[in-house]
Amino acid sequence: MFRFLARVLGFLLMAGGFVALIYDGARSIANNGLRVTPLSDVIATLFKDKASALQGSVEGAAPWLWHILGLPLTLAPASLIGLGLGAVLLWLGQPGREPIGFLTKP
């Protein structure tokens, strides 16, 4: 069950990362310059009310964690985060390999 969920989420994140890559490419061509969509814009668009509460709750628990981990992740391109996380989930959800040297047919 975990493999199935990991693969479905992986495919969805890979598709979303690809769409974000195409969107950024089209926007870059139209503006004659490199334009990337940071993850913070995607989070703010999807979760309007909870985006600012996320930063406040992380800073309330551990202020150093937001500056070391939270801020660089939210400034990273959304397409790279989606493609990378999707690839990791697809790798985790792949079926197990058969051991070498064992007969599988009687």
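Criteria and thresholds
Residues numbered from 1 in each chain as written. Predicted model: local features only at pLDDT ≥ 70, side-chain atom pairs only at ≥ 80, totals over all residues. Heavy atoms only, no water. Helix = DSSP H or I, 4+ residues; strand = E, 2+ residues; numbered from the N terminus. Rg over C-alpha atoms; globule rule 2.2 N^0.38 Å. Buried < 20%, exposed > 50% of the residue type's maximum accessible area, 1.4 Å probe, protein only. Areas by Shrake-Rupley, 256 points an atom, 1.4 Å probe, with all protein chains shown as cover. Expected span 1.5 Å × (residues − 1). Bend = angle between axes of the 7 residues up to and from the residue. Axes fitted to C-alpha atoms, helices over the stretch in contact; angles between N-to-C directions. Parallel < 35°, antiparallel > 145°, perpendicular 65-115°, else oblique. Left-handed = near helix turned anticlockwise from the far one by under 90°. Nonpolar A, V, L, I, M, F, W, Y, C, P; charged D, E, K, R; others polar. Contact = heavy atoms within 4.5 Å. Polar contact = N/O pair within 3.5 Å; in protein donor to acceptor, adjacent residues only side chain to side chain. Domains from an automatic or database assignment.

## Observations regarding the overall build of the protein
The helix and strand inventory of the protein stands at 5 helices and 0 strands. Put simply, the protein runs from its N terminus to its C terminus through helices and strands in the order α-α-α-α-α. Expected size for 106 residues packed as a compact globule is a radius of gyration near 13 Å; at 19 Å, the protein overshoots this value by more than 25%. If one aligns the C-alpha atoms of the protein with their principal axes, the spans along those axes are about 60 × 40 × 25 Å. Sorting the 106 residues of the protein into buried and exposed places 20% on the buried side. Within the structure as shown, the protein displays about 8,300 Å² of accessible surface, and the carbon and sulfur contribution to it stands at 73%.

## Some thoughts on helix α4 (residues 63-75)
The first and last C-alpha atoms of α4 sit 17 Å apart over 13 residues, in line with the 18 Å expected at 1.5 Å per residue. The largest bend in α4 amounts to roughly 35° and is located at L69, with the proline P72 lying one to four residues further along.

## Quick look at the packing of helix α1 (residues 2-31) against helix α5 (residues 78-92)
Look at α1 against α5: their axes get within 7 Å of each other, and the N-to-C directions meet at 155°. Comparing their axes, α5 and α1 come out roughly antiparallel. Considering the relative orientation of α1 and α5, their crossing is left-handed. Here the residues of the contact of α1 with α5 sort into 14 nonpolar, 5 polar and 3 charged.

## With respect to the packing of helix α3 (residues 50-61) against α4
When two helices pack together, their arrangement is given by the angle between their axes and by how far apart the axes lie. Closest axis-to-axis distance for the α3/α4 pair is 5 Å, and the angle between their directions is 125°. In terms of their interaxial angle, α3 and α4 are classed as oblique. Of the residues in α4, those touching α3 at Q55, V58, E59 and A61 are P63, L65, W66 and H67. Taken together, the residues of the contact of α3 with α4 break down into 5 nonpolar, 2 polar and 1 charged.

## Examining the side chain of T74
Of note, T74 is situated in helix α4. From its side chain, T74 meets the backbone oxygen of L71 in a polar contact 2.9 Å long. Ignoring anything within four residues of it in the chain, the contact list for T74 reads P38, L39, S40 and W66.

## So, the domain arrangement of the protein
Splitting the protein by domain gives domain 1 (1-35 + 79-93) and domain 2 (37-75). A separation of 19 Å is found between the C-alpha centroids of domain 1 and domain 2.

## Some words on unusual backbone geometry
Backbone geometry places N32, a non-glycine residue, at a positive phi of 55°. Inspection of the secondary structure assignment puts N32 in the loop between α1 and α2 (39-46). Of the residues examined, N32 reaches a relative accessible area of 76% and is grouped as exposed.

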